[in-house]
Amino acid sequence: KQEVTQIPAALSVPEGENLVLNCSFTDSAIYNLQWFRQDPGKGLTSLLLIQSSQREQTSGRLNASLDKSSGRSTLYIAASQPGDSATYLCAVSSGDMRFGAGTRLTVKP
Amino acid sequence: EAGVTQFPSHSVIEKGQTVTLRCDPISGHDNLYWYRRVMGKEIKFLLHFVKESKQDESGMPNNRFLAERTGGTYSTLKVQPAELEDSGVYFCASSLLRGNYGYTFGSGTRLTVV
């Protein structure tokens with residue numbers, strides 16, 4: 001059974017800092033890994049999708065990496081802004097999608 | 001294209017009542033998934049439809065939950081009778097094909113059972 005772990009559970013940084021969120025999964029036989037953002041009271045917004053054959057994906061200030069063999073992914077956020085404050089969720093698909101518990105990020109002005 | 005739509009966005013019901021949640025997937029997406037997040041826990045898979053057929057319902061918590069997808073279009077998730085521990089956010093997602101395609105999620109239905 002696939003298990004997804006995200007570290008840290010919560011993170012608070014001053015505006016402008018670069019930061020890394022971590023995700024690990026137990027079964028490396030995945031189709032893809034997806035990073036989502038969830039704002040309070042809102043749905044899930046897909047940020048980046050990495051296929052199993054890829055090593056990384058970039059979108060603006062976000063960069064996600066995937067090391068399938070070690071069961072790890074990182075989400076790098078450059079030059080963080082207060083508007084980045086949200087819960088970031090990692091999800092892996094081995095057919096059905098399994099989520100981590102998320103990292104709650106607060107970026108202080 | 002229109003995204004995944006869920007209705008209602010919020011629902012407050014009393015214990016023992018019935019609630020039906022609805023999800024309209026992206027048009028043409030055969031795969032439809034239900035997930036839920038209860039307070040303080042991670043988002044958990046409930047079930048997966050391929051068109052109108054239940055592909056995997058291993059995540060359904062008990063027989064008080066009934067999901068349907070008549071005609072392979074929209075889906076409903078009925079909770080009857082609702083219990084306090086059913087409170088949480090219920091998400092629906094759809095994808096074009098299973099596996100190598102990302103999921104698009106709806107905004108969720110926040111269910112509160114009092």
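Numbers given for residues are sequential positions, taken from 1 along each chain in its written order. Chains and ligands are labelled by the order in which they are written, letters from A for the one and numbers from 1 for the other. pLDDT decides what is reported in this predicted model: residues at 70 or higher carry local features, side-chain atom pairs at 80 or more are listed and counted, and totals for whole chains, interfaces and linings draw on all residues regardless. To get the side-chain values, all heavy atoms of the structure are used, and hydrogens and water are removed first.

## Comments concerning the side chain of B:Thr109
All names here are of chain B.
Right, so step 1: Within the secondary structure, Thr-109 is located in strand E11 (residues 109–113).
Right, so step 2: Among the polar contacts made by the side chain of Thr-109, one reaches the main-chain carbonyl oxygen of Pro-8 at a distance of 2.5 Å.
Right, so step 3: Residues are treated as being in contact if the distance between any of their heavy atoms lies within 4.5 Å. If we ignore the near neighbours within four places in the chain, the residues touching Thr-109 are Gln-6, Phe-7, Pro-8, Ser-9, Leu-21, Gly-88, Val-89 and Tyr-90. Numbered from the N terminus, helices here are DSSP runs of H or I no shorter than four residues, and strands are runs of E no shorter than two. Polar contact criterion, stated in full: a pair of N or O atoms within 3.5 Å, where within protein one must be able to donate a hydrogen and the other to accept it, and residues adjacent in sequence count only if both atoms are side-chain atoms.

## What to know about the sheet that holds strand E7 (residues 65–68) of chain B
Each strand in a sheet pairs with its neighbour through backbone hydrogen bonds, running either in the same direction (parallel) or in the opposite one (antiparallel).
Residues and elements named next belong to chain B.
Right, so step 1: Strand pairing is assigned whenever DSSP identifies at least 2 bridges connecting the two strands. Taken in spatial order, the 4 strands line up as E1-E3-E8-E7 in an open sheet, and their pairing is antiparallel. Of all the strands in the sheet, just strand E1 (5–7) and E7 have a single pairing partner and so form its edges. Here the strands of the sheet are splayed against their neighbours by 15° on average, with no regard to which way each runs.
Right, so step 2: Here E1 pairs with strand E3 (residues 19–24) via 3 bridges, running antiparallel. Each bridged residue has a counterpart across the sheet, and for Phe-7 the counterpart in E3 is Arg-22. Axes, fitted as lines to C-alpha atoms, cover a helix only where it is in contact. Angles between the N-to-C directions of the axes lie from 0 to 180 degrees.

## Some details on the layout of surface pockets
Right, so step 1: In this structure, the largest pocket occupies an estimated 540 Å³ of space.
Right, so step 2: A:Gln38, B:Arg37, B:Met39, B:Gly40 and B:Arg110 are, among the 24 residues lining the largest pocket, the residues nearest its centre.
Right, so step 3: Residue assignment for the lining of the largest pocket shows that the elements contributing at least two residues are strand E9 (86–93) and strand E11 (103–108) of chain A together with strand E9 (88–95) and E11 of chain B.
Right, so step 4: Buried and open spaces are told apart on a 1 Å grid over the protein atoms alone, a cavity being a set of points where a 1.4 Å probe fits but cannot get out and a pocket being an open set with protein on both sides within 12 Å along at least five of seven lines. Residues with an atom within 4 Å of a point are the lining residues. Grid points are joined across faces, edges and corners, and a volume is the space filled by probe spheres set on the points. Considered as a void within the structure, the second largest pocket measures approximately 250 Å³ in volume.
Right, so step 5: Along the walls of the second largest pocket sit 13 residues, with A:Lys1, A:Gln2, A:Arg98, B:Glu42 and B:Lys44 positioned nearest its centre.
Right, so step 6: Elements that contribute at least two residues to the lining of the second largest pocket include exactly strand E1 (4–7) and strand E10 (97–99) of chain A together with strand E5 (44–50) of chain B.
Right, so step 7: Within the lining of the second largest pocket, the residues separate by chemical class into 4 nonpolar, 4 polar and 5 charged. Ten residues, namely Ala, Val, Leu, Ile, Met, Phe, Trp, Tyr, Cys and Pro, are considered nonpolar, four, namely Asp, Glu, Lys and Arg, are considered charged, and the remaining ones, Gly among them, are considered polar.

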